[in-house]
Amino acid sequence: MSASVIDFIATEARFGARNYEPIGVVLSRGEGVWVWDTEGNRYLDCLSAYSAVSQGHCHPKILAAMVEQAHRLTLTSRAFHNDQLALFYEEIAALTGSHKVLPMNSGAEAVESAIKSVRKWGYEVKGVPDGQAEIIVCANNFHGRTLGVVGFSTDPETRGHFGPFAPGFKVIPFGDAAALAEAITPNTVAFLVEPIQGEAGVVIPPAGYFTEVRELCTANNVMLVLDEIQTGLGRTGKLLAEQHEGIEADVTLLGKALSGGFYPVSAVLSNNDVLGTLRPGQHGSTFGGNPLACAVARAAMRVLVEEGMIENAARQGARFLEGLKDIRANTIREVRGRGLMLAVELHPEAGLARRYCEALQGKGILAKDTHEHTIRIAPPLVITSDQVDWALERFAAILTQDFS
Ligand SMILES: *Cc1c(COP(=O)(O)O)cnc(C)c1O
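Residues numbered from 1 in each chain as written. Predicted model: local features only at pLDDT ≥ 70, side-chain atom pairs only at ≥ 80, totals over all residues. Heavy atoms only, no water.

**What about the overall build of the protein chain?**
Check the secondary structure of the protein chain and you find 13 helices and 15 strands. Since a compact globule built from 404 residues should have a radius of gyration of about 22 Å, the 21 Å found for the protein chain is in line with a globular shape. In terms of overall dimensions, the protein chain has C-alpha extents of about 60 × 55 × 45 Å along its principal axes. Residue burial in the protein chain is summarised as follows: out of 404 residues, 54% are buried. Intrachain contacts of the protein chain at a sequence separation of at least 6 include 72% that bridge at least 24 residues. (Helix = DSSP H or I, 4+ residues; strand = E, 2+ residues; numbered from the N terminus. Rg over C-alpha atoms; globule rule 2.2 N^0.38 Å. Buried < 20%, exposed > 50% of the residue type's maximum accessible area, 1.4 Å probe, protein only. Contact = heavy atoms within 4.5 Å.)

**Overview of empty space enclosed by the protein**
For the structure on display, the rule yields two cavities of 30 Å³ or more. The space that makes up the largest cavity amounts to roughly 40 Å³. If you go around the largest cavity, the residues you meet are Val111, Ala114, Ile115, Val118, Ile135, Ala190, Leu192 and Val225. For the lining of the largest cavity, the secondary structure elements donating two or more residues are α5 (107-126) and β7 (188-193). Tallying contributions element by element places α5 first for the lining of the largest cavity, with four residues. Residue classes in the lining of the largest cavity are distributed as eight nonpolar, no polar and no charged. Estimates place the volume of the second largest cavity at around 40 Å³. In terms of lining residues, the second largest cavity is bounded by Ser51, Gly198, Val202, Gln230, Met341, Arg376 and Ala378. Tallied by class, the residues present in the lining of the second largest cavity amount to three nonpolar, three polar and one charged. Looking at the lining of the second largest cavity, you find at least three residues from each of domain 1 (3-59 + 308-399) and domain 2 (73-306). (1 Å grid on protein atoms, 1.4 Å probe; cavity = no way out; pocket = protein on both sides within 12 Å on 5 of 7 lines; lining within 4 Å. Points joined across faces, edges and corners; volume = space filled by probe spheres on them. Nonpolar A, V, L, I, M, F, W, Y, C, P; charged D, E, K, R; others polar. Domains from an automatic or database assignment.)

**With respect to helix α4 (residues 85-96)**
One full turn of an α-helix is made of 3.6 residues, so residues set three or four places apart face in the same direction. Compared with the 16 Å implied by 1.5 Å per residue over twelve residues, the 16 Å span of α4 between its first and last C-alpha is a close match. Among the residues of α4, those classed as buried are Leu85, Phe88, Ile92, Ala93 and Thr96. Projected onto a plane normal to the axis of α4, the buried residues spread over an arc of 120° and lie on a single side. Across from the buried face of α4, at angles greater than 90 degrees, the exposed residues are Ala86, Glu90 and Ala94. (Expected span 1.5 Å × (residues − 1). Arc of directions from axis to C-beta.)

**Some remarks on the pattern of salt bridges**
With the rule as written, the count across this model stands at 16 salt bridges. We note a salt bridge from Glu199 to Arg376, for which the minimum N-O separation is 2.9 Å. Note that Glu199 is positioned in the loop between β7 and α9 (209-219) and Arg376 in strand β15 (residues 374-377), a separation of 177 residues in sequence. With a relative accessible area of 5%, Arg376 lands in the buried category. Notably, a salt bridge pairs Lys368 with Asp369, separated by 3.5 Å at the nearest N-O pair. Taking relative accessible area as the criterion, Asp369 reaches 13% and is therefore assigned buried. One connected set of salt bridges, linked through shared partners, spans Arg333, Glu334, Arg336 and Glu345. (Salt bridge = Lys/Arg side-chain N within 4 Å of Asp/Glu carboxyl O.)

**Details of the layout of surface pockets**
The space that makes up the second largest pocket amounts to roughly 620 Å³. For the lining of the second largest pocket, the elements supplying multiple residues, two or more each, are α4 and β4 (100-104). Top contributing element to the lining of the second largest pocket by residue count: β4, with five residues. Taken together, the residues of the lining of the second largest pocket break down into twelve nonpolar, eight polar and three charged.

**Section: the pairing of strand β3 (residues 42-45)**
Where strand β2 (residues 34-37) meets β3, three bridges bridge the pair, whose relative direction is antiparallel. Following the sheet pairing, Trp34 is matched in β3 by Leu44. The hairpin turn running from β2 into β3, its antiparallel successor, is four residues long, and Gly40 in that turn takes a positive phi close to 90°. Here β3 pairs with strand β13 (residues 365-366) via two bridges, running parallel. Paired with Asp45 across the two strands is Leu366, which belongs to β13. (Pairing = 2+ DSSP bridges.)

**Some details on the sheet that holds β3**
Read across the sheet, four strands follow the order β1-β2-β3-β13 without closing on themselves; strand pairing throughout is mixed. This sheet does not close on itself; its edge strands, each paired only once, are β1 (27-31) and β13.

**Some words on the domain arrangement of the protein chain**
Per the domain assignment, the segments of the protein chain are domain 1 (3-59 + 308-399) and domain 2 (73-306). Using C-alpha coordinates to define each centre, domain 1 is positioned 27 Å away from domain 2. Of the residues lining the interface, 31 residues belong to domain 1; the matching set on domain 2 comes to 27 residues. When the two sides are added together, the surface that domain 1 and domain 2 hide from each other amounts to roughly 2,400 Å², 60% of it contributed by carbon and sulfur. (Buried area = accessible area lost by both parts, 1.4 Å probe.)

**As for unusual backbone geometry**
Between Gly163 and the following residue, Pro164, the backbone shows a cis peptide bond with an omega angle of 5°. Among the secondary structure elements, Pro164 is positioned in the loop between α7 (156-159) and β6 (169-172). For Ser48, which is not a glycine, the phi torsion comes out positive at approximately 55°. By secondary structure assignment, the location of Ser48 is in helix α2 (residues 48-51). For Ser48, a relative accessible area of 0% puts it in the buried group.

Following this line, the structure appears as structure tokens:
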């Protein structure tokens with residue numbers, strides 16, 4: 001490591017709250033699937049900022065939209081109208097088939113906004129007695145880091161010593177429709193769930209699960225809230241992961257790739273009157289729906305479709321998954337994925353996934369461990385067949401070694 005690399009890392013450690021433990025690489029440039037460190041080494045990005053950079057680093061058309069808008073108007077607040085918000089609404093509604101849109105910034109804010117909205121809907125439309133609304137969530141969920149959200153996490157690291165937490169949440173196992181049927185009461189307003197649990201290690205539910213979930217929610221007048229912040233916008237090979245089972249959520253949450261990694265932009269989308277219960281003054285955000293965010297998001301959605309990234313995610317995801325399955329290595333317990341949302345789960349005795357990620361860095365691949373034994377793989381959706389094959393060679397070289 002050169003002096004400058006050590007300096008960046010040491011300075012971060014000296015001044016920063018240590019709420020992350022980054023891999024020892026200092027990045028200074030990105031283009032498409034590639035990133036470069038301060039010493040000029042090139043890496044294939046197999047994390048894509050947790051799927052926020054799905055369109056590839058510094059996509060030129062999103063960049064141009066951002067720069068153009070930044071020259072014109074960046075922030076008005078919602079005290080006034082701006083000439084980008086209506087266009088953003090129109091385009092995201094057309095793309096996703098939604099009827100109402102609430103723009104926010106971070107993913108966690110979209111989740112919080114959905115929780116507020118479904119509770120309000122529960123009291124004002126469904127007729128739940130005030131203060132009694134229940135929301136059902138799944139074990140091993142990940143919906144962000146705000147106090148409201150970590151309060152219904154089941155991960156001791158995520159919630160430990162942050163309480164007391166808000167009541168009104170009930171936890172059931174993921175992928176178990178019978179558990180949902182049992183948990184629903186007359187006061188249940190929503191079921192909040194990820195189509196595929198990303199942070200839990202790319203956990204895919206059994207086929208048919210979401211069809212049953214949809215039926216149960218409809219039968220009991222419970223809002224199905226799908227957190228597609230990670231799975232949405234092409235990551236799994238379809239625009240929305242719900243399409244793999246041909247269902248429609250009542251409320252869909254988007255974030256991350258909604259800006260192609262340029263700017264925090266998130267949105268709550270609803271198919272019905274859930275968002276209609278919000279009246280002026282009852283919810284808001286200074287930056288939510290600002291013209292810069294809207295211009296960036298419009299470009300991010302446009303390139304996703306125009307450049308065929310969703311179809312490419314399906315095609316290259318299948319190639320990547322096949323290639324990973326073909327690797328004969330004692331270290332691998334399971335390979336799973338849908339589209340370009342992939343994971344390699346290691347045998348516990350193979351050692352920590354972190355060691356494998358550090359070794360992959362030495363081969364020019366940046367990937368991220370999750371939950372000790374799982375390597376998650378989520379490259380930008382613009383990856384080519386040659387680049388997939390290039391990555392597979394390197395995964396094979398590392399996974400056949402033992403880092404225990
Ligand atoms: C990343 C993520 C969030 C939180 O998004 P932030 O922008 O980090 O607040 C919520 N839900 C899911 C499924 C995510 O992957």
